[in-house]
Amino acid sequence: MSLLLAMTGWHVEDWRARFQALLPDMPIVTLGEPFDRRAVHYVASWKHPEGSLAGLPNLAAVFSLGAGVDHLFADTRLPEVPIARVVDPDLTTRMSEYVVLHCLRYLRQQPRYDRQQIDKSWEDDRDQPAARSVRVGIMGLGELGQDAARKLQVMGFDVAGWSRSAKTVEGLATFAGTEGMTAFLARTDILVSLLPLTPETRGTINATLLAGLAQDGRLGGPFLINAGRGGLQVEADILAALDAGTLKGATLDVFEIEPLPADSPLWTHPAVTVTPHNAAMSEPEAIATLISAQIRRLEAGEPLEHVVDPTRGY
Ligand code: NAP
Ligand code: GLV
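Caption draft 1: Summary view of helix α6 (residues 177–186). Among the residues of α6, G177, G180, M181, F184 and L185 are the ones counted as buried. For α6, the angular spread of buried residues about the axis comes to 130°, placing them on one side. In this structure, α6 carries E179 and T182 as exposed residues pointing more than 90 degrees from its buried face.

Below is the structure:
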């Protein structure tokens with residue numbers, strides 16, 4: 001019985017060493033070497049090559065090495081076995097750090113001071129909005145969205161969330177579905193996207209959505225932070241809104257094409273901050289520990305945790 005590590009873009013040997021230490025009796029195999037396909041009971045995947053998981057007759061479960069599973073559903077030959085994803089405090093904490101950092105950057109006007117420093121320009125500014133006067137709207141109130149919301153509230157922001165199904169979260173204004181979208185956007189000065197990429201959410205961050213954001217807020221216009229997935233955003237629409245001044249700034253960790261092509265105007269736009277899809281990286285120690293515990297659960301006849309619903313796509 002073996003565990004197959006199927007990944008592209010990550011250092012598979014780091015992951016193998018970590019899994020081997022945690023599962024000493026289980027052979028850990030990789031796509032880059034010959035292995036017995038009948039012996040594979042488990043797969044841990046990050047963007048495995050299309051079709052590479054077909055023909056594993058004894059496969060019992062596939063584990064995403066990240067919180068998102070869109071990379072799995074992109075494979076039209078994905079085996080029909082239970083799929084579990086990452087829900088882990090290490091990853092969640094990293095994402096909340098990213099969200100709080102960039103909300104605070106916009107609250108405290110840091111991009112402006114960075115430019116002033118380059119120009120050696122001392123422009124004292126007494127108009128400093130309080131966090132409580134800035135409305136953050138989080139799209140996606142799941143594991144990551146709810147943790148980010150709590151931590152933004154600790155900083156004093158006025159936080160709301162939007163999700164597919166209606167939710168009650170103590171201290172949080174909540175909105176749901178297409179019917180809740182207009183009111184949610186109208187009270188949002190900083191929009192934080194932590195949605196999964198599904199057929200329903202693809203292209204959500206488009207011209208229509210951006211036009212619905214609040215223009216009357218204390219920051220003088222709305223800002224966008226997308227750390228969900230690049231497929232959620234229409235980059236041409238974001239650039240158009242920035243150039244029109246209806247969007248004041250954007251921090252993007254994810255892109256329509258990754259790595260972001262060198263000729264993308266996002267790299268050099270003065271109102272855009274680019275990070276290389278590492279808002280919440282999967283740290284091998286933490287994530288291999290989580291998945292090894294899941295394998296031990298299955299071996300003990302216990303149910304898998306954090307199983308995704310293939311019909312919803314997340
Ligand atoms: P999650 O727990 O599954 O939460 C997803 C949230 O999105 C839920 O609140 C869900 O609504 C909402 N949602 C889904 N489809 C929707 C729709 N059509 N309309 C409105 N709301 C919708 O996922 P998570 O663990 O928070 O992770 C979210 C995403 O973050 C991942 O899928 C991944 O793409 C991204 N991510 C990015 C990084 C990075 O480094 N940039 C790292 C980790 C994760 P319900 O509550 O009603 O189900
Ligand atoms: C990273 O993007 C993840 O889905 O965990």
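Caption draft 2: Quick look at the site of ligand 2. For ligand 2, the full set of nearby residues is W46, G66, A67, G68, L91, R229 and H277. For ligand 2, an oxygen atom lies 2.8 Å from a polar atom in the backbone of G68. R229 places a side-chain nitrogen or oxygen 2.7 Å from an oxygen atom of ligand 2. Protein chains bury 87% of the 190 Å² of accessible surface belonging to ligand 2 in isolation. Split by residue class, the shell around ligand 2 holds 3 nonpolar, 3 polar and 1 charged.

Caption draft 3: Structural detail: the sheet that holds strand β11 (residues 249–252). Within the open sheet, the 7 strands sit side by side as β8-β7-β6-β9-β10-β11-β12. Their pairing is parallel. In this open sheet, the two strands that pair with only one neighbour each are β8 (173–176) and β12 (272–274). Each adjacent strand pair in this sheet contributes to an overall mean axis angle of 15°, direction not counted. As paired elements, strand β6 (residues 135–139) and strand β9 (residues 190–193) share 4 bridges and run parallel to each other. From the neighbouring strand, G137 faces β9, where its bridge partner is L191.

Caption draft 4: Layout of the domain arrangement of the protein chain. When cut into domains, the protein chain gives domain 1 (2–88 + 282–299) and domain 2 (91–274). Just the C-alpha atoms count here: the centres of domain 1 and domain 2 sit 33 Å apart. Opposite the 11 residues of domain 1 that make contact, domain 2 presents 7 residues. Along the contact surface separating domain 1 from domain 2 lie 1 salt bridge. Taking the shortest distance from any N to any O, the salt bridge between R229 and D70 comes out at 2.9 Å. At the surface where domain 1 touches domain 2, the tally comes to 3 residue pairs in polar contact (both at pLDDT 80 or more). The residue makeup of the side of domain 1 that touches domain 2, split by class, is 4 nonpolar, 2 polar and 5 charged.

Caption draft 5: Just the packing of helix α3 (residues 89–107) against helix α5 (residues 143–154), in detail. Put simply, α3 and α5 touch, their axes get as near as 9 Å, and they point 50° apart. As far as their axial angle goes, α5 and α3 are oblique. As α3 runs across α5, the sense of the crossing is right-handed. Judged by residue contacts, L91, T92, T93, M95, S96, V99, V100 and C103 of α3 engage E143, L144, D147, A148, K151 and L152 from α5. For the contact of α3 with α5, the per-class residue count stands at 8 nonpolar, 3 polar and 3 charged.

Caption draft 6: The pattern of salt bridges, seen in detail. One pass over the full model with this rule turns up 17 salt bridges. For R135, the salt bridge goes to D216, with nearest N and O atoms at 3.0 Å. Taken together, the residues R135 in strand β6 and D216 in the loop between α7 (207–211) and β10 (223–226) connect sequence positions 81 residues apart. For R135, a relative accessible area of 18% puts it in the buried group. A relative accessible area of 62% places D216 in the exposed class. The closest approach of N and O atoms between R297 and E302, which form a salt bridge, is 3.5 Å. E302 gets classed as partly exposed once you look at its relative accessible area, which sits at 38%. Each of E13, R16 and E33 takes part in a single network of salt bridges with overlapping partners.

Caption draft 7: The arrangement of the site of ligand 1 in detail. Every one of the 30 residues lining ligand 1 counts as a neighbour, but R85, S165, K167, D253 and Y314 are closest to it. The separation between a nitrogen atom of ligand 1 and a polar main-chain atom of A227 is 3.0 Å. One of the side-chain N or O atoms of D253 is found 2.8 Å from a nitrogen atom in ligand 1. Here ligand 1 has 940 Å² of accessible area as a free molecule, and 93% of this is covered by the chains. Every element with two or more residues in the shell around ligand 1 is listed here: α3, α5 and β7 (158–163). Its residues assigned to classes, the shell around ligand 1 shows 14 nonpolar, 8 polar and 8 charged.

So, how was this worked out
- Residues numbered from 1 in each chain as written.
- Chains lettered and ligands numbered in written order.
- Predicted model: local features only at pLDDT ≥ 70, side-chain atom pairs only at ≥ 80, totals over all residues.
- Heavy atoms only, no water.
- Buried < 20%, exposed > 50% of the residue type's maximum accessible area, 1.4 Å probe, protein only.
- Helix = DSSP H or I, 4+ residues; strand = E, 2+ residues; numbered from the N terminus.
- Arc of directions from axis to C-beta.
- Near = heavy atom within 4 Å.
- Polar contact = N/O pair within 3.5 Å; in protein donor to acceptor, adjacent residues only side chain to side chain.
- Areas by Shrake-Rupley, 256 points an atom, 1.4 Å probe, with all protein chains shown as cover.
- Nonpolar A, V, L, I, M, F, W, Y, C, P; charged D, E, K, R; others polar.
- Pairing = 2+ DSSP bridges.
- Axes fitted to C-alpha atoms, helices over the stretch in contact; angles between N-to-C directions.
- Domains from an automatic or database assignment.
- Contact = heavy atoms within 4.5 Å.
- Salt bridge = Lys/Arg side-chain N within 4 Å of Asp/Glu carboxyl O.
- Parallel < 35°, antiparallel > 145°, perpendicular 65-115°, else oblique.
- Left-handed = near helix turned anticlockwise from the far one by under 90°.

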